[in-house]
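Residue-level structural notes
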Amino acid sequence: MKIQPVRGTHDLYNQNLIKYNHVLKIVNRLAKVYCFDEIITPIFETTELFRKPLGKFSDVVLKEMYTFEDRNNSSLTLRPEYTTPMIRSAISNNLLEKIPQKLYGIGPMFRRERPQKGRFRQFNQINFEILGTNDIAADLELILLGDDILKSIFPDKKIDLIINSLGDQSTLKKFKEDLKIFFNKYKKDLSEESKNKIETNPLRILDSKDKDDIKINFNAPKIHDYYSKEANKKFDEIKGLLQEYSINYEINPNLVRGLDYYCHTVFEFKSKDLGSQDTLIGGGRYDGLIKLLGGPDMPGVGWAGGIDRIIMLMENIVLSEKKIHLVLMNEKIKSYGLKLLDLLRKNNIYAYLDYKYNLKKSLSNASKEKSKYAIIIGEDEFKNNTCTIKNLNNNTQQNISIDNIVNFLKE
Ligand code: HAM
């Protein structure tokens, strides 16, 4: 049997890798425009770092972490998400002496979930966090940034922004108690998975995808009935700002997110073209998390986006790397061809040689590679110190002197 990647993991190559790099280019550019500083942390951390903040009854902690014993018996975990490691790093390196800290990170995360379309065990995230401010302007900035990134990648696609507020700690405490009472009344009709969550994580029943659970959820207590005055004010503020910026949104009172650390604003950007794993970006506010991790008592807000899902949604987009395909018609002109290749590369032009020395085969390769131009050299071109340049998009061609080739291609 052919050797395969580990279940739930996948390789990125050809078009998907070009798309991955395209997404990163947009993310890095907009991160600079919004003045976020990049941070790179190790891919494993102590297990303790994740257990409490993500919630000891959250799916991630209960069944999805890749945890292993190190040789000195300490327990380590491959990071399942980036928010906690980024905050850990901000604390370890005294970055919180200057606030607000606006940080972003890009890299692989690991969760042992059941693999399906859009759900992997190793996946790549982009992650933006603003640490140290209560200002709702930070929530807005982050939503605008997510919107800008997605619109730059998908100018013509409809992507929905869903928001909710989880209120403050007192809102959540009372709400969870009432949810437990409510779901206990319908226990026998709930899915097995939701039954197990009544006592430990009743919030998550609200975003169950099971048909019977959805019917029951329809009549479940609604979080907005539990907001404090302050929570109501914050939520109105963010809604008002989104309207002012003409960002369309939908409120879903059952949007609760999967990790335990959230409060106040939570949001997701979703696409209906993705199937059941339809969230591209998810995030929200986490006001108690920095303190829980041993840092100062300061608020934070952020989001993470799944690069693999973004790439999946780019399925109808073909990106070309503006490669020039050099077509040498026979081996006798190899040395002439290599000098030309060198000249192009020294001028920062992407130039490719396929070692075929055959017009038909090389041109066919060039169109498979989605090259825009082929430079063809045969005996005549060699003798006259010229080359034939063929535009592979419209199939026109012209003969030009080698001395003019760089200027021609740069234009
Ligand atoms: P999350 O909702 O768990 O949030 O993940 C964020 C995004 O990562 C998802 O919307 C999805 O695009 C992608 N993602 C998650 N799991 C998988 C998977 N198994 N396969 C492929 N893509 C996946 C967080 O991770 C929070 N740390 C976000 C955050 C940052 N909240 C505040 N700051």
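To start, this report covers the structure provided alongside it. (Residues numbered from 1 in each chain as written. Predicted model: local features only at pLDDT ≥ 70, side-chain atom pairs only at ≥ 80, totals over all residues. Heavy atoms only, no water.)

**Observations concerning the overall build of the protein chain**
For clarity, the threshold we go by: Where helices and strands are cited, they refer to DSSP runs of H or I of at least four residues and of E of at least two residues respectively, numbered from the N terminus. In this scheme, a residue with accessible area under 20% of its type's maximum is buried, one over 50% is exposed, and one in between is partly exposed, where area comes from a 1.4 Å probe on protein chains only. The contact criterion used is simple: two residues touch if any of their non-hydrogen atoms lie within 4.5 Å. Only the protein chains shown count as cover for residues, and all accessible areas are computed by the Shrake-Rupley method using a 1.4 Å probe. Charge convention: Lys and Arg are scored as positive, Asp and Glu as negative, and His as well as the terminal groups of each chain are ignored. The location of each charge is read from NZ of Lys, CZ of Arg, CG of Asp or CD of Glu.
Scanning the protein chain from terminus to terminus reveals 15 helices and 16 strands. Once the C-alpha set of the protein chain is aligned to its principal axes, its extents read approximately 90 × 50 × 50 Å. Across the 411 residues that make up the protein chain, the buried fraction comes to 52%. Restricting the contact set of the protein chain to residue pairs at least 6 apart, pairs at least 24 apart contribute 69%. Entry remark: accessible area of the protein chain is about 21600 Å², with carbon and sulfur atoms responsible for 49%. Once the 64 positive and 55 negative side-chain charges of the protein chain are each reduced to a mean point, those two points are 5 Å apart.

**Some thoughts on the sheet that holds strand S6 (residues 122-131)**
Note the cut-off: At least two DSSP bridges between two strands are needed for those strands to be called paired. Axes here mean lines fitted to C-alpha atoms, for a helix over just the part in contact, with angles spanning 0 to 180 degrees between N-to-C directions.
With mixed pairing, the eight strands of this open sheet are ordered in space as S1-S5-S6-S11-S10-S9-S7-S8. Two strands in the sheet have a free side with no partner beyond their single neighbour: strand S1 (37-38) and strand S8 (250-251). Bridge count between S6 and strand S11 (residues 300-306): seven bridges; the pairing is antiparallel. Bridge assignment links Asn127 to a residue of S11, and that residue is Ala304. The sheet strands contacting helix H4 (residues 83-92) are strand S5 (101-110) and S6, and the helix crosses S6 at an angle near 50°. Relative to the sheet, helix H9 (residues 229-244) contacts strand S7 (160-165), S8 and strand S9 (263-270), its axis offset from that of S7 by approximately 160°.

**Quick notes on the pairing of strand S10 (residues 279-285)**
Within S10, seven of the seven residues are buried, which leaves it mostly tucked inside the rest of the structure. With six bridges connecting them, S9 and S10 associate as antiparallel partners. Paired with Cys263 across the strands is Arg285, a residue of S10. Direction of pairing for S10 relative to S11: antiparallel, over a ladder of five bridges. Bridge pairing links Ile281 to Gly305 in S11.

**So, unusual backbone geometry**
Between Ile99 and Pro100 the backbone carries a cis peptide bond, its omega angle lying at 0°. For Pro100, the location among the structural elements is in the loop between H4 and S5. A positive phi angle is found at Arg257, which is not glycine, with a value near 70°. Looking at the secondary structure, you find Arg257 in the loop between S8 and S9. Overall, Arg257 belongs to the buried group, its relative accessible area being 13%.

**Some details on helix H2 (residues 47-54)**
Heads up, the rule is: The directions considered for the arc run from the helix axis to the C-beta atoms.
Within the span of H2, buried status applies to Thr47, Leu49, Phe50, Pro53 and Leu54. All buried residues of H2 project into a common sector of 160° when viewed along the axis, lining one side. Turned more than 90 degrees from where H2 packs its buried face, Glu48 and Lys52 sit exposed. Packed against the buried residues of H2 are strand S2 (44-46), helix H3 (59-64), strand S3 (67-69), strand S4 (75-78), H4 and helix H10 (289-292).

**Some remarks on the site of the ligand**
We count it as follows: We define proximity as follows: a residue is near a molecule or strand when any one of its heavy atoms falls within 4 Å of that partner. Contacts described as polar in this section are N or O atom pairs within 3.5 Å, which, within protein, must combine one atom able to donate a hydrogen with one able to accept it, while residues neighboring in sequence count only if both atoms come from side chains. Throughout, the ten residues Ala, Val, Leu, Ile, Met, Phe, Trp, Tyr, Cys and Pro are labelled nonpolar, Asp, Glu, Lys and Arg are labelled charged, and all others, Gly among them, are labelled polar.
The immediate surroundings of the ligand are formed by 27 residues, with Glu81, Thr83, Glu113, Phe120 and Tyr262 found nearest. Contacts to the ligand include Arg257, whose side-chain N or O atom sits 2.9 Å from an oxygen atom. Within the backbone of Leu280, one N or O atom sits 3.2 Å away from an oxygen atom of the ligand. About the coverage of the ligand: the protein hides 95% of its 650 Å² of free accessible area. Within the residue set of the shell around the ligand, elements represented by two or more residues are S6, S10 and S11. Here the element with the most residues in the shell around the ligand is S10; it accounts for six residues. Taken together, the residues of the shell around the ligand sort by class into ten nonpolar, ten polar and seven charged.

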